[in-house]
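Each chain is listed here by its residues.
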Amino acid sequence: MNDLKAVKLTKSDLQTPSPENEVAPFPFWESSKEDFLSHFSNGRYIKINKNAYLFRENDPPQGIFCICEGVSKLARTGKNGKEYIIRFAQPGDWLGVSGIYHGTHISDAVAIEPVKSFFVPKDEFIRFLNRNSQFSLNVMKILCDEIEKAENRITALAQKTARERVAEILLNLQQVYGIDNNKYLNILLTRKDLANFVGISNATLSRLMSDFQRKKLIRIKNKKIRLLDLKKLSTLARIAAV
Amino acid sequence: MNRKLTLPSCEECQTRACSIFSELTKAEMDFVAESKGGNIYKRGQNIFYEGTRPSGLHCISSGKVKVYKIDHTGKEQIVRLAKAGDILGYRSLISGELYSSFAAPLEDAVICTIPKEVFFELVEKNSTLSMRLMRLLSRELRSAEGRISNMAQKTVRERLAETLLMLAEFCGFEKDGTTIDVSLTREDLANIVGTATETVIRFLSEFKQDKSIDLKGRKIRVINRANLVRTANIYD
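Cut-off values and rules
- Residues numbered from 1 in each chain as written.
- Chains lettered and ligands numbered in written order.
- Predicted model: local features only at pLDDT ≥ 70, side-chain atom pairs only at ≥ 80, totals over all residues.
- Heavy atoms only, no water.
- Helix = DSSP H or I, 4+ residues; strand = E, 2+ residues; numbered from the N terminus.
- Buried < 20%, exposed > 50% of the residue type's maximum accessible area, 1.4 Å probe, protein only.
- Areas by Shrake-Rupley, 256 points an atom, 1.4 Å probe, with all protein chains shown as cover.
- Lys, Arg positive; Asp, Glu negative; His and termini not counted.
- Charge placed at Lys NZ, Arg CZ, Asp CG, Glu CD.
- Core = buried A, V, L, I, M, F, W, Y, C linked by side-chain atoms within 4.5 Å.
- Domains from an automatic or database assignment.
- Contact = heavy atoms within 4.5 Å.
- Buried area = accessible area lost by both parts, 1.4 Å probe.
- Salt bridge = Lys/Arg side-chain N within 4 Å of Asp/Glu carboxyl O.
- Polar contact = N/O pair within 3.5 Å; in protein donor to acceptor, adjacent residues only side chain to side chain.
- Nonpolar A, V, L, I, M, F, W, Y, C, P; charged D, E, K, R; others polar.
- Phe/Tyr/Trp six-rings, centres within 6.5 Å; stacked < 30°, edge-to-face > 60°.
- Lys NZ or Arg CZ within 6 Å of the ring centre and 35° of its normal.
- pLDDT = per-residue confidence, 0-100.
- Expected span 1.5 Å × (residues − 1).
- Arc of directions from axis to C-beta.
- Pairing = 2+ DSSP bridges.
- Axes fitted to C-alpha atoms, helices over the stretch in contact; angles between N-to-C directions.

## Description of the overall build of chain B
Within chain B, the regular secondary structure consists of 8 helices and 9 strands. In terms of overall dimensions, chain B has a C-alpha envelope of 55 × 35 × 35 Å along the principal axes. Across the 236 residues of chain B, 52% fall into the buried class. Summing over all exposed atoms, chain B offers an accessible surface of approximately 11,000 Å²; the carbon and sulfur share of this is 50%. Computed over 36 positive and 31 negative side-chain charges, the inter-centroid distance for chain B is 4 Å.

Pasting the structure below:
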C-alpha cells in the first residue's frame, strides 16, 4: 500500500470520463454509478503512477480496486526472479477480490500506464457482499470470467507453439483494447511485458515479430503494433477467424 | 451391469461435510434432496459437454472426475480434477453461459444434479453458501493462475514431478500409504502436464530409475517424496 497515494481528484476528473470508459467502470451493476458509489462510504478514488504497485504478491489485501482508467498488469515472479504476466486488467475490472478470500494477493498488480481506480476497503466490501446477494453473484461472475481466461491460457501454453501464442495474443489484445485512429493497437506494451505475457524470451519474441513483419502480418512503428492481416493471423493462431 | 441407482441421501452424505453445502439448514437440505436427480457415470461417458447449456449443479457423491478442454486438432487438456464433495459446472451456471469445458469420470462416479433454480434460491437465501462459493472461486483462480506461470516457466520434467505430488495430495494414498489413489491413463497424465504421452512415459521411467517412484500398471507409487520435490523445483 506504500505505493498508493490517495489523491483528491478534481470534479472534472470524475465527471467527464473519456468516451471509451463511460460504460466500463462499474460493470454488472444495474443502478447508476453514483448510486453504486454511495454504498461505499469509505471508498475513495486513487491515482496510481505508471510502474507503481496497486498491490504485491503475498501481501495481505487491504481492499479491492475497481479500475476506472488505465491498464495494469497482473504478474507473478517465478524462479530465477523471472516475471510472468498472468493478464492485463483494464477499465471495468475488479482487482484483489480473490486475495480477500485467500488472505494474501495471488500476484503483483502494477500500473503500466497511469491508473485511476476506485478503492473499497476490504471490510466494507465484504459487508456489502453479505447483504446483497445480487452483488455477490455479480462478483462471482467476475471470478468465473477470470478463471475461464486462466484455463484458456493453460490450454494455449500446453498446446500451442510460441509462434501461435504470439499471433493469438496480438489478436486478443486488439479485441480487448481496440485500435486507435491509425489502426494501431490501443495498448502500448514494452517488448519485455509482451514476452512475459506470451511466456517466451525477449529474443524469441523479437525474432517472431520481425518474421510477422516480413510476412506483412503486422507493422511496427514507434513501438506501436498494427495488425495487417487478421485472417492470416487467426489461421496462424489456430483460432476461428475474427 | 446393474446401472440402477438409489440416489444418495443428502442427509447421510459422507462428503457433504467437506462440500460447500456443509452449512445448509435441515429445511434447505430437504429442499435439495427432494428436487435433485442423479446417476452413475462410467469411464468413457461424459457428465457434460462444452457448448451445451447447464441445467443444474453437479455434485460428486463418489469417484473422481476430470474437467478438460479440447482444441480443434482434437487434443485434450485437463484443466482440473474433482473428487467426492466437489461441485462441477457451477461456473457456467453462475455466469449464465454455455459450458466451456467437458467433464468425464476417471472411474465410476455417482453424481447428483441439483436444478438450477434450486441452486440460485439457495445462494440468494443463504449468505454462508455464497461466501463458500466465493472462496471456492478464489481458490480455483489461484490454482489456475499458478498453473499458468508453471506452464510458462517450468520444464516438462519439473511439471510432471509437480503433478505427481499434486495427485498424491489431491487423491491421497491407498492402504499401503505410498500408492496414489487414482487410476489415470498415461494419456490423462500427459493431458494434465500438457505434453505428449510418450514424453510422460519417458520421464516416468526416468523417475523410476532414480528410485523416486515405482510403477505398477496405471498405478504410481511414491517411494522418495523428497526426490520428487527436488525435481519439481517447488519454490512456493
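## Regarding the nonpolar core
Side chains of a nonpolar character, in soluble globular proteins, are inclined to be buried together. Judged by nonpolar contacts, the single largest core of 50 residues is most densely connected at Trp94, Phe125 and Phe135 of chain A together with Phe21, Ile87, Ile94 and Leu133 of chain B. It is helix H5 (residues 133–159) of chain A that contributes the most residues to this core, 8 residues altogether. Core analysis: the next-biggest nonpolar cluster, separate from the first, contains 30 residues, Val71, Tyr177, Leu194 and Ile218 of chain A among them.

## Observations regarding the domain arrangement of chain A
All names here are of chain A. Assigned domains of chain A: these are domain 1 (11–146) and domain 2 (160–237). The interface of domain 1 with domain 2 comprises 12 residues on the first partner and 12 residues on the second. Summed over both sides, the interface between domain 1 and domain 2 buries roughly 950 Å², with carbon and sulfur atoms accounting for 55% of that surface. Taken together, the connections running from domain 1 to domain 2 amount to 1 salt bridge. Viewed at the interface, domain 2 and domain 1 are joined by 4 residue pairs in polar contact (both at pLDDT 80 or more). Of the residues forming the side of domain 1 that touches domain 2, the biggest block, 7 residues, is contributed by strand E5 (residues 83–89). Residue composition of the side of domain 1 that touches domain 2, by class: 7 nonpolar, 1 polar and 4 charged.

## A closer look at the interface of chain A and chain B
Tallying the contact residues gives 43 residues for chain A and 43 residues for chain B. Here chain A and chain B share an interface that buries about 4,000 Å² over both sides, 65% of which is from carbon and sulfur atoms. At the boundary of chain A and chain B, one finds 4 salt bridges. Across the pair arginine 91 of chain B and glutamate 151 of chain A runs a salt bridge whose closest N-O atoms are separated by 3.1 Å. At the junction of chain A with chain B, the criterion picks out 9 residue pairs in polar contact (both at pLDDT 80 or more). When residues of the side of chain A that touches chain B are traced back to their parent elements, those giving at least two are strand E4 (72–77), E5, helix H3 (97–102), helix H4 (122–131) and H5 of chain A.

## A word on the packing of aromatic side chains
The tally for this structure, following the rule as stated, stands at 14 aromatic pairs over all chains. On the basis of an interplanar angle of 65 degrees and a centroid distance of 4.8 Å, the ring pair of phenylalanine 88 of chain A and phenylalanine 197 of chain A is categorised as edge-to-face. Here the residue phenylalanine 88 of chain A occupies a position in strand E5, and phenylalanine 197 of chain A occupies one in helix H7 (residues 191–198), the gap between them amounting to 109 residues. The class for phenylalanine 197 of chain A is buried, based on a relative accessible area of 9%. An angle of 80 degrees between the planes, with centres 5.9 Å apart, marks the rings of phenylalanine 125 of chain A and phenylalanine 135 of chain A as edge-to-face. In this pair, phenylalanine 125 of chain A is assigned in helix H4 and phenylalanine 135 of chain A in helix H5, connecting sequence segments 10 residues apart. Judged on exposure class, the residue phenylalanine 125 of chain A and its partner phenylalanine 135 of chain A are both buried. One aromatic cluster in this structure is built from Phe40, Trp94, Phe125, Phe128 and Phe135 of chain A. For the cation-ring pair, arginine 56 of chain A lies above tyrosine 53 of chain A, with the distance from its terminal atom to the ring centre recorded as 3.8 Å. Over the face of the ring belonging to phenylalanine 170 of chain B we find lysine 83 of chain B, whose NZ or CZ atom lies 4.6 Å from the ring centre.

## As for the confidence of the model for chain A
Should the pLDDT be low somewhere, the predicted coordinates at that spot are not to be read in detail. Residue and element names in this part refer to chain A. Residues at a pLDDT of 70 or more form 84% of chain A, whose mean pLDDT is 82. The least confident element of chain A, judged by mean pLDDT, is helix H1 (residues 11–15) at 39; the most confident is strand E2 (residues 53–55) at 96. Across residues 1–28, confidence stays below pLDDT 50; counting only partners more than four residues off in sequence or on other chains, it has 46 contacts.

## Focus: helix H8 (residues 202–214) of chain A
Each α-helix turn comprises 3.6 residues. Residues three or four places apart therefore point the same way. Residue and element names in this part refer to chain A. Its 13 residues give H8 an end-to-end C-alpha distance of 18 Å, which sits within 8% of 18 Å, the value for a rise of 1.5 Å per residue. All buried positions along H8 are accounted for by Leu205, Leu208, Met209, Asp211 and Phe212. Buried residues of H8, viewed axially, fall in a sector of 160 degrees; they line one side. Exposed positions of H8 whose direction lies more than 90 degrees from the buried face are Ala203, Arg207 and Arg214. Of the surrounding secondary structure, the elements contacted by the buried residues of H8 are helix H6 (162–177), H7, strand E9 (218–221), strand E10 (224–227) and helix H9 (230–237). Lysine 216 sits one or two residues past H8 and shows a positive phi near 60 degrees.

## A short note on the sheet that holds strand E6 (residues 102–105) of chain B
Residues and elements named next belong to chain B. Judged by pairing direction, the sheet is antiparallel, and its 3 strands sit side by side in the order E4-E3-E6 without closing on themselves. The open sheet has two edge strands with one neighbour each: strand E4 (76–82) and E6. Between one strand axis and the next, the sheet turns by 30 degrees as a mean value, whatever way the strands run. Relative to E4, strand E3 (residues 65–70) runs antiparallel, the two sharing 6 bridges. Within the sheet, the bridge partner assigned to valine 65 lies in E4 and is alanine 82. Against the sheet, helix H6 (residues 186–193) touches E3 and E4, its axis set at about 90 degrees to E4.

## Section: unusual backbone geometry
Residue and element names in this part refer to chain A. Phi is positive for lysine 216, close to 60 degrees, though the residue is something other than glycine. Positive phi values are uncommon outside glycine, yet lysine 223 reaches one of about 70 degrees. If you trace the backbone, lysine 223 turns up in the loop between E9 and E10.

## Observations regarding the environment of glycine 43 of chain A
Among the secondary structure elements, glycine 43 of chain A is positioned in the loop between helix H2 (33–38) and strand E1 (44–48). In contact with glycine 43 of chain A, other than residues within four places in its own chain, are Phe118, Phe119, Val120, Pro121 and Glu124 of chain A.

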